[in-house]
Amino acid sequence: MPVTPEEPIPEPPGEAVRFSVLGPVRVWRAGQEVPLGPRQQRLVLAALLARAGRPVSLTELVALLWEEDPPRSAANAVHRYVGALRRLLEPGLPARAPGRWLVRQAGGYVLRVDADRLDLLAFRAAVRQARALAAAGDAREAANRFGSALEQWQGRCAADLEAAVGTHPLFTSVDNEYAAAVSEAADAALHGDPPASVLAAVRQAAQRHPWDERLQARLLLLLAAHGRQAEALLLYRRVSAMLREELGVEPGAELRAAHEHVLQGGERDHQGRPGAQDAGTGADLAGPPAGGPAVRPPYPVPAQLPADLPCFVGRERALAQGLDLAGQAGRALRVLAIDGIPGVGKTALAVRLAHRVAARFPDGQLFADLGGFTAGEGGPSDPGEVLYAFLESLGVERQRIPHTTGSRAALFRSVLATRRVLVVLDDVRDVEQVRPLLPGAPRCMVVITGRGRLSGLAAAHGARMIGLGVFSEAEAVRCLAERVGFGPDADTGVVQEIVERCGRLPLALSVVAARAAGRPGGLSRRTVAELADTTEGLDGFSDDDRGNDLRAAFARSHRTLSPDAARAFRLLPSHGRPDLTASDLELATGLSASATAAAAGDLVRARLLTALGPDRYEVHPLILAYAAERGRVPRDRWAVVQRPRADRGRAQAPVPELTDLFPRVPRSGLGHVSGGSGTRAVVDACPGNGDVQTFLAAVGLGGLARPPEAAASSGGQGDDRVRPGSPSG
């Protein structure tokens, strides 16, 4: 049964167990320190302690222990380490017994701890109490309580394993909690008499985070408040030199203001705060007193969110998940990743959620379209350029912004270390593109949209993943009703048929609704007729804004495909059903099993196929219609095949052209193809070969692959036509 860290955990008398992870990883049982065994075993324990009473998956543990190259026995080794740890905590525990402290849960393991047993949870509880005191206006007691919280720290998280965990997000997020608490403690101390414990903690934190200028500014002010002006001035000189030499930038406005305050003698106003000219450097993060004026921060507050959609329906469950995540402040950076097929409404959901939670992030909201699938010739947005724009929006002077992406990412994390900022990253291509753009502070939140599932974010950053599907039928009808405005007397048959033709895809419904709203009749049989045959293409879903119609949305994904994946995509309609297996795809393309798997992977990443399970896929009907458009061979390429009624001569085709189109048909059957009889000869030469029927169906000549008697029964007409289409992909 899951146990939350807040629940008290009973233990037999004389068997008290205590854990420490804020510094070296240590364990005491019955007052005696327990030797924790080899490094790998201590790493497993460190991860469980850093997660603080919440599950750590087996995948995460394997990645932590072996990074990119785990052995085949990795999972078994983790199980052995866990068993050994159980016996250390509970001597005499039988083999394979579950134990009281370390238990299996949610595909991994959880260490059952509470604030009385783990220093990390005790620290968090004290910080919550200090924040409540600061919000109530009791700065002196808040500073004392912050001091007590910070005394829990004896070094970096899992300090004895720093070589292995130094950059791992599970541990750096805990270290970021420390930096945020130190900054808040300094704010509280600067509003009253600063206790020595806070000064010591700020000094230590400033050494650990040398690039955090806000933290350095607070250390300057606290040193001055303790009568150490000379030390404060020396600190400013040292930090300024480091910024110039390492990053090539000058100190920022907040650090310069603190320096100016020290130069002026560190005078305080009657409330014990820095003088009015420096009020921003000691801003109370808890906000102004009730009924008082808002405190203006000493830096710009960006508000970059796009306008919310006036018509937004459904997505209640996804919104609830996002709101729940936004309310979970204090443990680690919150990351929400939304994925789905083109046109499913990922951006609309992200923007709606961002507007709902914006008030929780008073230090600003950042937004960037990363152009993962919508970029032009320049390709997806470069993370370094996005960081430059973000830093500028956050008040960093241009001359202070470093040249390399890595340095910009470090400065970005430093700037946001003590701020509450919402970051929305739209249309992400992959994890590598988004990783430099993630803040390190637990008080921030990131909302990401992308077509592919960003599983790497879940493994490395604990991101919550939301896969967005098409509307339900009721939601699709509501979408049309809100956009077009039909009443209860509307023709329900027409509305339901339009919903079906749109495949309940939000973008398709929006395009159709926008066109219908500008007509006197609104949604009508005319609209149904325009959508009547999506197998002929997507003309019925064209939009005046060419960048926003359905064909353009699908084309952006198609543009990213490898040649094999693009060819497999063009052959999807030949399967005849929206669901297919890897074997179906292999048969249609003529590729090897491994090449087929690679092509299917490309299609899934581009979200032109959706994986249902191992080797099982489905494709949305409108994506299938787009595939049919891409698969139509233009007349100039299909001149090698003559119509039966136009067979007045013998048009010959070179074999290489047809071997490309019929990859699995024996070359002996592909000599010269002439008219219906020539194509019939290809079919007769290759009995039972599914590729022939597949190809003929894809180019609109399916009737030629039918038995002669079947063709005769239809009068020899109709099935041999090739309709003009768009250029093939």
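Position numbers for residues count from 1 along each chain, tracking the sequence in the order it is written. Restriction of local features to residues with pLDDT of at least 70 applies here, the model being predicted, together with a cutoff of 80 or more for giving and counting side-chain atom pairs; totals for whole chains, interfaces and linings are based on all residues. Only heavy atoms go into the side-chain values, all of them from the structure, while hydrogens and water stay out.

1. With respect to the overall build of the chain
And step 1. We count a stretch as a helix when DSSP gives it H or I for four or more residues in a row; a strand needs E for two or more, and each element gets its number in order from the N terminus. Looking only at helices and strands, the chain has 30 helices and 14 strands in total.
And step 2. Exposure categories follow from relative accessible area, calculated using a 1.4 Å probe and restricted to protein chains: below 20% of the type maximum is buried, above 50% is exposed, and the middle band is partly exposed. By the burial criterion, 50% of the 729 residues in the chain qualify as buried.
And step 3. Expressed as a percentage of contacts within the chain between residues at least 6 apart in sequence, the contacts between residues at least 24 apart total 67%. We call two residues in contact whenever any of their non-hydrogen atoms come within 4.5 Å of each other.

2. Regarding the pairing of strand β2 (residues 26–29)
And step 1. Strand pairing requires that DSSP identify at least two bridges connecting the strands. Bridge analysis of strand β1 (residues 17–20) against β2 gives 4 bridges, and the strand direction is antiparallel. When the sheet's bridge partners are listed, Arg18 is paired in β2 with Trp28.
And step 2. Counting the residues in the hairpin turn of β1 and β2 gives 5 residues, including Gly23, whose phi is positive at 130°.
And step 3. Sheet analysis places β2 next to strand β3 (residues 32–33), joined by 2 bridges and oriented antiparallel. Following the sheet pairing, Trp28 is matched in β3 by Glu33.
And step 4. Linkage of β2 to β3, two consecutive antiparallel strands, is achieved through a turn of 2 residues, within which Ala30 is found at a positive phi near 55°.

3. Observations concerning the side chain of Arg117
And step 1. Relative to the elements of secondary structure, Arg117 occurs in the loop between β6 (108–111) and α4 (119–135).
And step 2. N or O atoms closer than or at 3.5 Å make up a polar contact, with two conditions inside protein: a donor-capable atom paired with an acceptor-capable one, and, for residues adjacent in sequence, both atoms drawn from side chains. For Arg117, the side chain forms a polar contact with the side chain of Asp114, separated by 2.7 Å.

4. Focus: helix α24 (residues 582–589)
And step 1. Burial in α24 covers these residues: Leu585, Ala588 and Thr589. Relative to the axis of α24, the buried residues are bounded by an arc of 85° and lie together on one face.
And step 2. Remark: Gly590 follows α24 within two positions and exhibits a positive phi of approximately 75°. Think of it as the arc spanned by the lines of direction from the helix axis to the C-beta atoms.

5. Regarding unusual backbone geometry
And step 1. Positive phi outside glycine occurs at Arg315, with the angle close to 65°.
And step 2. Within the secondary structure layout, Arg315 lies in the loop between α11 (253–263) and α12 (316–326).
And step 3. At Asp615, a position not held by glycine, the phi torsion is positive, near 60°.
And step 4. By the element assignment, Asp615 lies in the loop between β13 (610–613) and β14 (616–618).
And step 5. What makes Asp615 partly exposed here is its relative accessible area of 49%.

6. Re the sheet that holds strand β4 (residues 56–57)
And step 1. Strand order in this open sheet of 3 strands is β4-β6-β5, and the pairing throughout is antiparallel. The outermost strands of the open sheet, each flanked by one partner alone, are β4 and β5 (102–105).
And step 2. Summarising the sheet, β5 and β6 pair through 4 bridges and their orientation is antiparallel. Directly across from Leu102, in β6, lies its bridge partner Leu111.
And step 3. A fitted line through C-alpha atoms serves as each axis, taken over the contacting stretch for helices, and the angle formed by two N-to-C directions is quoted from 0 to 180°. Of the strands in this sheet, β4, β5 and β6 are in contact with helix α1 (residues 39–51), which crosses β6 at around 65°.

7. A look at the pattern of salt bridges
And step 1. Salt bridge, as applied in this entry: a Lys or Arg side-chain nitrogen positioned within 4 Å of an Asp or Glu carboxyl oxygen. Here the structure, examined in full by the defined rule, presents 25 salt bridges.
And step 2. Taking the shortest distance from any N to any O, the salt bridge between Arg400 and Glu397 comes out at 3.7 Å.
And step 3. On the accessibility criterion, Arg400 (4% relative accessible area) is buried.
And step 4. Owing to a relative accessible area of 21%, Glu397 belongs among the partly exposed residues under this scheme.

8. Re the packing of aromatic side chains
And step 1. Geometry of aromatic contacts follows a simple scheme: Phe, Tyr and Trp rings, the Trp one being its six-membered ring, pair when their centres are within 6.5 Å, and the pair is stacked under 30 degrees between planes, edge-to-face over 60, tilted otherwise. Considering all chains together, one arrives at 6 aromatic pairs under this definition.
And step 2. An angle of 25° between the planes, with centres 5.8 Å apart, marks the rings of Phe390 and Phe412 as stacked. Within this pair, whereas Phe390 is found in helix α14 (residues 383–393), its partner Phe412 is found in helix α15 (residues 405–415), the two being separated by 22 residues in sequence. For the residue pair Phe390 and Phe412, the accessibility class agrees, reading buried in each case.
And step 3. An aromatic cluster is built from Phe123, Trp153 and Tyr178, whose rings are joined through pairwise contacts.
And step 4. Note on criteria: charge over ring means Lys NZ or Arg CZ within 6 Å of the ring centre, with the direction from the centre no more than 35 degrees off the ring normal. Lying over the aromatic face of Tyr109, Arg104 brings its terminal NZ or CZ to 5.0 Å of the ring centre.

9. Thoughts on the pairing of β13
And step 1. Relative to β14, β13 runs antiparallel, the two sharing 3 bridges. The residue of β14 that forms the bridge with Gly613 is Arg616.

10. Describing the environment of Tyr617
And step 1. When you line up the elements, Tyr617 lands in strand β14.
And step 2. For the pair Tyr617 and Val604, spaced 13 residues apart in sequence, the C-alpha separation works out to 8.7 Å.
And step 3. Ignoring any residue separated from it by four or fewer positions in sequence, one finds Tyr617 in contact with Pro578, Asp579, Leu580, Thr581, Ala582, Ala600, Val604, Leu609, Thr610, Ala611 and Leu612.

11. Let's talk about the packing of helix α8 (residues 196–208) against helix α9 (residues 213–225)
Two measures define how a pair of helices packs: the angle their axes make with one another and the distance between the axes.
And step 1. At their nearest, the axes of α8 and α9 sit 9 Å apart, and the two run at 145° to each other. Our pair here, α8 against α9, has a crossing hand that is left-handed. Residue-level inspection shows Val198, Leu199, Val202, Arg203, Ala205 and Ala206 of α8 in contact with α9, the latter providing Leu215, Gln216, Leu219, Leu222 and Leu223.
And step 2. All amino acids are sorted into three groups, where Ala, Val, Leu, Ile, Met, Phe, Trp, Tyr, Cys and Pro are nonpolar, Asp, Glu, Lys and Arg are charged, and the leftover types, Gly among them, are polar. The class makeup of the residues in the contact of α8 with α9 is 9 nonpolar, 1 polar and 1 charged. Here is the rule for handedness: rotate from the far helix to the near one, and if that takes an anticlockwise turn smaller than a right angle the crossing is left-handed, while a clockwise turn gives right-handed.

12. Concerning α15
And step 1. Buried within α15 we find Arg408, Ala409, Leu411, Phe412, Ser414 and Val415.
And step 2. Contact partners of the buried residues in α15: β8 (365–369), α14 and β9 (422–428).

13. Structural notes on the nonpolar core
And step 1. In this structure, Phe19, Val21, Val25, Leu111, Leu118, Phe123 and Phe171 are the most contacted members of the largest nonpolar core, which totals 89 residues.
And step 2. The element contributing the most residues to this core is helix α7 (residues 169–189), with 10 residues.
And step 3. Sequence-distant contacts of Leu111, defined by excluding residues within four places in its chain, comprise Phe19, Leu45, Leu48, Leu49, Gly53, Leu89, Trp101 and Leu102. Here, nonpolar core means buried Ala, Val, Leu, Ile, Met, Phe, Trp, Tyr and Cys residues that are tied together by side-chain atoms lying within 4.5 Å of each other.

14. Overview of the sheet that holds β8
Strand pairing in a sheet takes place through backbone hydrogen bonds and is either antiparallel or parallel in direction.
And step 1. If you walk across this open sheet you meet the 5 strands as β8-β9-β10-β7-β11, and the pairing is parallel. Of all the strands in the sheet, just β8 and β11 (464–467) have a single pairing partner and so form its edges. Sheet twist, expressed as the average angle between the axes of neighbouring strands with direction ignored, equals 15°.
And step 2. The pairing of β9 with strand β10 (residues 445–450) spans 5 bridges and is classified as parallel.

15. Remarks on the packing of α24 against helix α25 (residues 593–605)
And step 1. It is at 9 Å that the axes of α24 and α25 come closest, and there the two elements cross at 110°. The angle between α24 and α25 falls in the class roughly perpendicular. On α25, the residues touching Ala582, Leu585, Glu586 and Thr589 of α24 are Ala593, Thr596 and Ala600. Should an angle fall under 35 degrees it is taken as roughly parallel, and over 145 as roughly antiparallel, whereas 65 to 115 is taken as roughly perpendicular and any remaining angle as oblique.

16. A word on the confidence of the model for the chain
And step 1. Per-residue confidence from the predictor is reported as pLDDT, which spans 0 to 100. Mean pLDDT over the chain works out to 75, with 73% of the residues at or above the 70 mark.
And step 2. Every residue in residues 1–6 scores below 50 in pLDDT, and together they form 14 contacts with partners more than four places removed in sequence or on other chains.

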